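What follows is each chain in one-letter form.
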Amino acid sequence: MTHRQALLVIDMQKGSFTIETPRYDTEGVVYRINKLTSRFRNQQLPVIYIQHDGTGSGEFEKNSTEWENLDELTVLSNDIRIDKYANDVFYKSRLQSTLEELNVDELVITGCATDFCVESTIQSALTKEFKIVVVKDGHTTADRPHLKAWEIITHYNWVWQNMLPTQGSIKVKSFEEIIKD
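Quick caveat, the model's predicted, so the values are computed rather than measured.

Engineer: For this particular structure, what's the right way to read the overall build of the chain?
Structural biologist: Across its full length, the chain carries 5 helices and 6 strands. The N-to-C order of helical and strand elements in the chain reads β-α-β-β-α-β-α-β-α-β-α. Relative to the compact-globule value of 16 Å for 181 residues, the chain shows a C-alpha radius of gyration of 15 Å, a close match. Here the chain, with 181 residues, has 51% of them falling under the buried criterion. The long-range fraction of contacts in the chain, counting pairs at least 24 apart against all pairs at least 6 apart in sequence, stands at 75%. Carbon and sulfur atoms provide 50% of the accessible area of the chain, an area that totals close to 9,200 Å².

Spelled out as structure tokens, the structure:
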């Protein structure tokens, strides 16, 4: 397989960014995601928007307002959209087959929520032998009862940076580092 990247934008949906569920540095994360999607498109690399589909659960029902991506994101008609049904994007979705069709072996990962969907997707991608680049300042989450969002983000960036995966590989790079590459 030739080396080819894809950008994953995980769960940047209206239902996760409400007054009741504020996310850390939303404006900054959206800005960086939009800059990265533009760069990937200019290099003719896939941009994949992942949206949680909670059909039947009463939350994140497909095509509902809360299911939609944030208005501030620049989503183009030729971007790929994939529904997910659990924290792990690979679980019962068409992500794996889509990546195989596109000959992608490296995932640049952004999105929401660091400690749930971003984390479980990274772990799953590693077991599938993908190379991973986590955008250090391109993922977000909310405060939890015992930790502030910025602490969670800092913690997971540290975990990923210091991980010794048995499959695949993982790097954590800031938006600025990625733009300079």
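Engineer: In this structure, what is going on with unusual backbone geometry? I would like to understand it.
Structural biologist: Most peptide bonds take the trans form, and the phi angle of most residues other than glycine is negative. A cis geometry characterises the amide bond from Cys-112 onward to Ala-113, with omega recorded as -5°. Here Ala-113 lies in the loop between strand E4 (106-112) and helix H3 (114-127). With a phi angle near 55°, Asn-103 is a residue other than glycine that sits in the positive phi range. Examined against the element boundaries, Asn-103 turns out to sit in the loop between helix H2 (95-101) and E4. Unlike most non-glycine residues, Glu-129 shows phi in positive territory, near 70°. On the secondary structure map, Glu-129 appears in the loop between H3 and strand E5 (131-140). Residue Glu-129 is classed as exposed on the basis of its relative accessible area of 54%.

Engineer: Honestly, helix H4 (residues 149-162) in this entry has me stumped. Any pointers?
Structural biologist: Two residues of an α-helix separated by three or four positions point the same way, owing to the 3.6 residues in each turn. The terminal C-alpha atoms of H4, which comprises 14 residues, lie 20 Å apart, in line with the 20 Å expected from a rise of 1.5 Å per residue. Looking only at H4, the buried set comprises Ala-149, Ile-152, Ile-153, Tyr-156, Asn-157 and Trp-160. Looking down the long axis of H4, one finds its buried residues gathered within 130° of arc, a one-sided arrangement. Here the buried face of H4 lies against H3, E5 and strand E6 (169-173).

Engineer: So what exactly am I meant to see when it comes to the sheet that holds E6 here?
Structural biologist: Pairing between sheet strands relies on hydrogen bonds along the backbone, with the strands arranged either parallel or antiparallel. One open sheet holds the 6 strands; their spatial order is E3-E2-E1-E4-E5-E6, and the pairing between them is parallel. Whereas interior strands pair on both sides, the edge strands pair on one side only; in this sheet they are strand E3 (80-84) and E6. Adjacent strand axes in the sheet meet at a mean angle of 25°, parallel and antiparallel pairs treated alike. In this structure, strand E1 (residues 5-10) lies alongside strand E2 (residues 47-52), joined through 4 bridges in parallel fashion. Each residue of the ladder has a partner; that of Leu-8, found in E2, is Ile-48.

Engineer: Is there a simple way to think about the environment of Ile-178 in this case?
Structural biologist: With respect to the secondary-structure elements, Ile-178 resides in helix H5 (residues 175-180). Note on Ile-178: relative accessible area 11%, which makes it buried. For Ile-178, the residues in contact, after removing those within four places along its chain, are Leu-36, Arg-39, Val-108, Val-133, Val-135 and Lys-173.

Engineer: Got a minute to help me understand the pairing of E3 in this structure?
Structural biologist: On a regular strand, each side chain points to the face opposite its neighbour's, so the side chains alternate between the two faces of the sheet. Buried residues dominate E3, accounting for 4 of its 5 residues. The sheet contact formed by E2 and E3 spans 5 bridges and is parallel. Residue His-52 lies in a different strand from E3, and its bridge partner there is Lys-84.

Engineer: When you look at the nonpolar core in this model, what are you seeing that I'm missing?
Structural biologist: Nonpolar side chains in soluble globular proteins tend to be buried together. Core analysis: the largest hydrophobic core is formed by 27 residues, its most contacted members being Ile-48, Leu-95, Leu-99, Leu-107, Ile-122 and Ile-132. In terms of residue count, the dominant contributor to this core is H3 (5 residues). Among residues more than four places away in sequence, those in contact with Leu-107 are Ala-6, Leu-8, Phe-90, Leu-99, Ala-125, Phe-130, Lys-131, Ile-132 and Val-133.

Each value, and the rule that gives it
- Sequence positions are assigned chain by chain, starting from 1 and proceeding in written order.
- Reporting in this predicted model follows two pLDDT cut-offs: at least 70 for local features of residues, and 80 or more for side-chain atom pairs to be given and counted; totals over whole chains, interfaces and linings ignore these cut-offs and use all residues.
- Only hydrogens and water are set aside when side-chain values are computed; all heavy atoms of the structure are taken into account.
- Note on conventions: DSSP H or I runs of at least 4 residues are helices, E runs of at least 2 residues are strands, and numbering of each starts at the N terminus.
- Between the two quantities, the radius of gyration covers C-alpha atoms and the globule rule is 2.2 Å times the number of residues to the power 0.38.
- We call a residue buried when its accessible area falls under 20% of the maximum for its residue type, exposed when it is over 50%, and partly exposed in between, using a 1.4 Å probe and counting protein chains only.
- Pairs of residues are marked as contacts when any of their non-hydrogen atoms sit within 4.5 Å.
- The protein chains shown are the only cover counted for residues, whose accessible areas, like all others here, come from Shrake-Rupley with a 1.4 Å probe.
- The length a helix should cover is 1.5 Å for every residue beyond the first.
- The directions from the helix axis to the C-beta atoms are what the arc is built from.
- Between any two strands, at least two bridges found by DSSP are needed for them to pair.
- Under this scheme, a helix contributes an axis fitted over its contacting stretch, all axes are lines through C-alpha atoms, and angles between N-to-C directions fall in the 0 to 180 degree range.
- Buried Ala, Val, Leu, Ile, Met, Phe, Trp, Tyr and Cys residues that are joined via side-chain atoms within 4.5 Å together make up what is termed a nonpolar core.

Nothing here speaks to function; it is all geometry.
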